[in-house]
Every structure is written in C-alpha cells, then in structure tokens.
Amino acid sequence: MHMWARLSVFAACVVSLASAASTTKGFVTTKGTEFVLDGKPFYYGGTNSYWLQYTQNEADMSLILDKASAAGIKVIRTWGFNDVNATFIPAAQGGLPQYSPDNAMPGQVIFQTWKDGKATLNKGDTGFGHFDKVVALAEQKGIKLIVALTNNWADYGGMDVYTINLGGKYHDEFYYNPKVIKAYKNYVKTVVKRYKKSPAIFAWELANEPRCGADGTRNLPRSPAGCNSTVLTNWIDEMSTYIKDLDKLHLVTIGDEGFFNRPGDTTGDWAYEGNDGVDFTTNLQVKNIDFGTFHLYPDWWSKTVDWANQFIQDHVTAQRAVGKPVILEEYGWMSDAARMQYFGTVSNFSRVEVEGGWQNIVLTEKLSGDMVWQFGLETGLSTGPSSDDGFTIFMENTAQSGPLVLDHVAAMSKLN
C-alpha cells in the first residue's frame, strides 16, 4: 500500500475511534466481569426506588435524587411502566390482575391504557412526559437509571394486563403468545427509542422478576401445559435482541431473581431446581444480555441467613464462570415491625448485621454491584414519608443508613 494511502487509512481509523469514544461517553459498558464508565471500572452500591417515577411533584423528584446523590448513590432502579384497563373490574367480580392500591391514586402517572384489546400510550404530562422529567433530572444530577419495562406481578399492571386484553388465559402466555409479544414490543420500542440517546439510562430491564407463574390470587394462573426454563430463555433471547436492534448504546439485562436450574440437585431446594422457569447461568450466557441480576429476600422465601450467604457465593461463581458482570439487584431483611405483623415474632439478627454481611461478600468477592431495597425518606416530601414495605431503609435512620448505605456505597466506590 502506498504511504499516503496508509496515512489515509490511519487517519480514518483515528477519526473512527474518536467518534466511538464520543458516542459512548457517559454510557455504561462492560469489560469482562466489570462495568466501565468513561474508560474506568464502575463498581457501585445503588438502591431501588420504584416509586420515584410515580412521584407527581417535580420538586419531590428532585429532592429524592439530591438525597441519593448526597449519599454517594450513582445508580437507582425504577419502574418504566404502569398499565391499566380503561374499565376496571373488581376482583370480587372476577377481575384480574388485582392492582395494588397505588393504581387508584388520583392523578396517577400511567403509561399505557387498555380498552377492547387495544393499548393507548400516554405521551402527555401524566405519562411519558412525566418520565421525561425523571430522566432529565437524573442527567443533571449524574445518576444512572436501571429501568424495568414490565412487572411479573399485579402491581402497576404488568404482564397480565397485556395477556387478558389480548384474549389470553394464562400468566406464561406473556412469553409466547404472538399477540402479546407484538404488543409488548410496541411498548418497548416506544420507551427505548424515546430515551436511547440519554446517558442517564444505565440499562433496560426486560421485566421485574419474570417467572412462569405469579401470585395465585392476584394474577392469572400458570398454564397446565407447563412453562419451563426454555420458554423464558427463548423470550429473553428474542426480547434482548429486539432492544439491541433499537438501541446499541445501552446495556440490557433481565431483572430476574437469579434462581438456578440444576436438575441433578438432590437437596429439594426450589431455588435451584428451575421450577419457575428461571435458569440463571443459561440466561446469563444469552448473547444480548450484558449482565446478570439476582434478588434476595430470605424472610419471604423461608430461608436462613446461611442459605442467603451461599446464594450470593453461587452467583459470584456464575459471574466468574460466564465472564459477565452480576449484580445483587434487590436485597432486604425485614424490619422488626413488619416481622411482627406477618410472622408474629422478631429475628435474633439485626438488619445491619444481616445485610452488612451480604455487602461484605459483595465487596470481598468483587461482584459488580448491588442495590439495596429500598431507598426511603421520612421527611421533606410533599406527600409525607415514602413507601415502607417492611424493607425500606429511611435515610433519616442513620443507625441503618449510615453503615448500609453511606459506608457501603463509599466502600464499593473504592474498588474503582
């Protein structure tokens, strides 16, 4: 090749590399088991605030992000959906799914309304126009958002709203009914294309806690024909590929609870037998899934602290084996008050003891990140204290927020 030709090619390569660098500036990427932000490792301690985007007062939203930022939090996970039926049928009359009380709040932020089998997307101030403000505030304050695109459960609509309105009978039809797939893709396309250029988006999440089944009372039943891990893995492959075709700048993850599928397991442990269609290790290997997620609530799952510690270690092993980042995306230990309400007893272990132990494993084993469930504020919001589901860590409670939020976030940042 002539010298001038070689110089021209070299110059073109430099321009190409510079362009690629400028395109990804501010966007989180991955390298092996690490997240990378602007060329540097990005380990983080984050939090969940599903209620952030339902907060109707913009000053309140700004306060939430300011308080999180002051604590050093760089990543918040929130919901990017709220699906409702135009005509609500009470559960007593056979109406499903049974929405949470939050769905009936006046002036509720709603993204999608269903009527007679047709979805209408709300792009106004009480819909995507509202979420525009959330994303803009996050951009201003340097916070990244992991955005879940639907829910396995009845809260804020979710999967069953699609399925019921399109003639389905079973919860798991969401993963294979062609009409449902098409409708979900239409919603996903609307959200992803709207924010595909925003560096505030850390990742798109296919669903919150997808399973073959859901709540036996509030949701549609699981199909008798049998949903299995292959069904979910195929759906994960299809949907992650679809999002990547729309948006090549942002990461894609599943949002599952991280259950394993080990047919040879002899312990009889449901979390390792793939009974609800989740196969963590196989799903982590799907081409267009950039990182893995898992959740941890041993209280609700009737598991011990020792079991929970091992569950984390098993995900550390999977992260190293597959070579992709893995995050402990939700985790919580019930408050004494909630434990008394639901179980009539308190635990011998404190929240700081238990969750602090999990955080130490994350730090020591260098999981890529973790996100405590959930961020709370007792004061300052125009609507009063934020949601308390028995797992909330209120920032004003420094005996908990000090070690479990401020100290841990700082320790995770030091890994960078």
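About the cut-offs
Residues numbered from 1 in each chain as written. Predicted model: local features only at pLDDT ≥ 70, side-chain atom pairs only at ≥ 80, totals over all residues. Heavy atoms only, no water. Core = buried A, V, L, I, M, F, W, Y, C linked by side-chain atoms within 4.5 Å. Buried < 20%, exposed > 50% of the residue type's maximum accessible area, 1.4 Å probe, protein only. Helix = DSSP H or I, 4+ residues; strand = E, 2+ residues; numbered from the N terminus. Contact = heavy atoms within 4.5 Å. Phe/Tyr/Trp six-rings, centres within 6.5 Å; stacked < 30°, edge-to-face > 60°. 1 Å grid on protein atoms, 1.4 Å probe; cavity = no way out; pocket = protein on both sides within 12 Å on 5 of 7 lines; lining within 4 Å. Points joined across faces, edges and corners; volume = space filled by probe spheres on them. Nonpolar A, V, L, I, M, F, W, Y, C, P; charged D, E, K, R; others polar.

Student: Explain the nonpolar core residue by residue, including any values.
Tutor: If you look at the biggest cluster of nonpolar residues, it comprises 106 residues, and the most contacted ones within it are Leu-145, Tyr-184, Trp-204, Trp-235, Leu-296 and Phe-311. The element that contributes the greatest number of residues to this core is helix α5 (residues 178-195), accounting for 9 residues. Sequence-distant contacts of Tyr-184, that is, excluding residues within four places in its chain, are made with Leu-149, Thr-150, Tyr-162, Phe-174, Leu-206, Trp-235 and Met-239.

Student: A description of the packing of aromatic side chains should follow, citing residues and the corresponding values.
Tutor: Counted under the stated rule, the structure contains 42 aromatic pairs. With a centroid separation of 5.8 Å and 85° between ring planes, the pair formed by Phe-202 and Phe-291 is classed as edge-to-face. Remark: Phe-291 occurs in the loop between α7 (280-284) and β12 (292-296) and Phe-202 occurs in strand β10 (residues 201-205); sequence separation between them is 89 residues. Relative accessible area serves as the criterion here: at 0%, Phe-202 is assigned to the buried category. On the basis of relative accessible area, Phe-291 is assigned to the buried category, the value being 0%. With 6.4 Å between their ring centres and 85° between their planes, Tyr-272 and Trp-307 make a pair best called edge-to-face. Here Tyr-272 is found in the loop between β11 (251-253) and α7, whereas its partner Trp-307 is found in helix α8 (residues 305-322), with 35 residues between them in sequence. Residue Tyr-272 shares its accessibility class with Trp-307, and that shared class is buried. An aromatic cluster of at least three residues, connected via ring pairs, comprises Phe-259, Phe-260, Trp-270, Tyr-272, Phe-280, Phe-294, Tyr-297, Trp-301, Trp-307, Phe-311 and Phe-391.

Student: Explain empty space enclosed by the protein to me, and be specific about the residues and the numbers.
Tutor: Tallied over the entire structure, the rule returns 1 cavity of 30 Å³ or more. In this structure, the largest cavity occupies an estimated 30 Å³ of space. Around the largest cavity sit Thr-253, Ile-254, Asp-256, Phe-280, Asn-283, Leu-284, Ile-289, Phe-291, Gly-292 and Thr-293, which together line it. The set of elements that each furnish at least two residues to the lining of the largest cavity consists of α7 and β12. When residues in the lining of the largest cavity are grouped by element, the largest group, 3 residues, is from α7. Among the residues making up the lining of the largest cavity, the classes are represented as 5 nonpolar, 4 polar and 1 charged.

Student: Requested: an account of the layout of surface pockets, with residues and values cited.
Tutor: Considered as a void within the structure, the largest pocket measures approximately 1100 Å³ in volume. Lining the largest pocket are 33 residues, with Asp-155, Trp-300, Trp-373, Asp-389 and Phe-391 positioned closest to its centre. The greatest single-element share of the lining of the largest pocket, amounting to 4 residues, is contributed by helix α9 (residues 336-343). Its residues assigned to classes, the lining of the largest pocket shows 15 nonpolar, 8 polar and 10 charged.

Student: Describe in detail unusual backbone geometry, supporting the description with residues and values.
Tutor: A cis amide bond, omega -5°, links Trp-373 with the succeeding residue Gln-374. The residue Gln-374 is located in the loop between β14 (369-372) and β15 (375-376) in this model. Of note, Asp-38 is a non-glycine position whose phi angle comes to about 55°, a positive value. Here Glu-209, not a glycine, exhibits a phi torsion of approximately 55°, which is positive.

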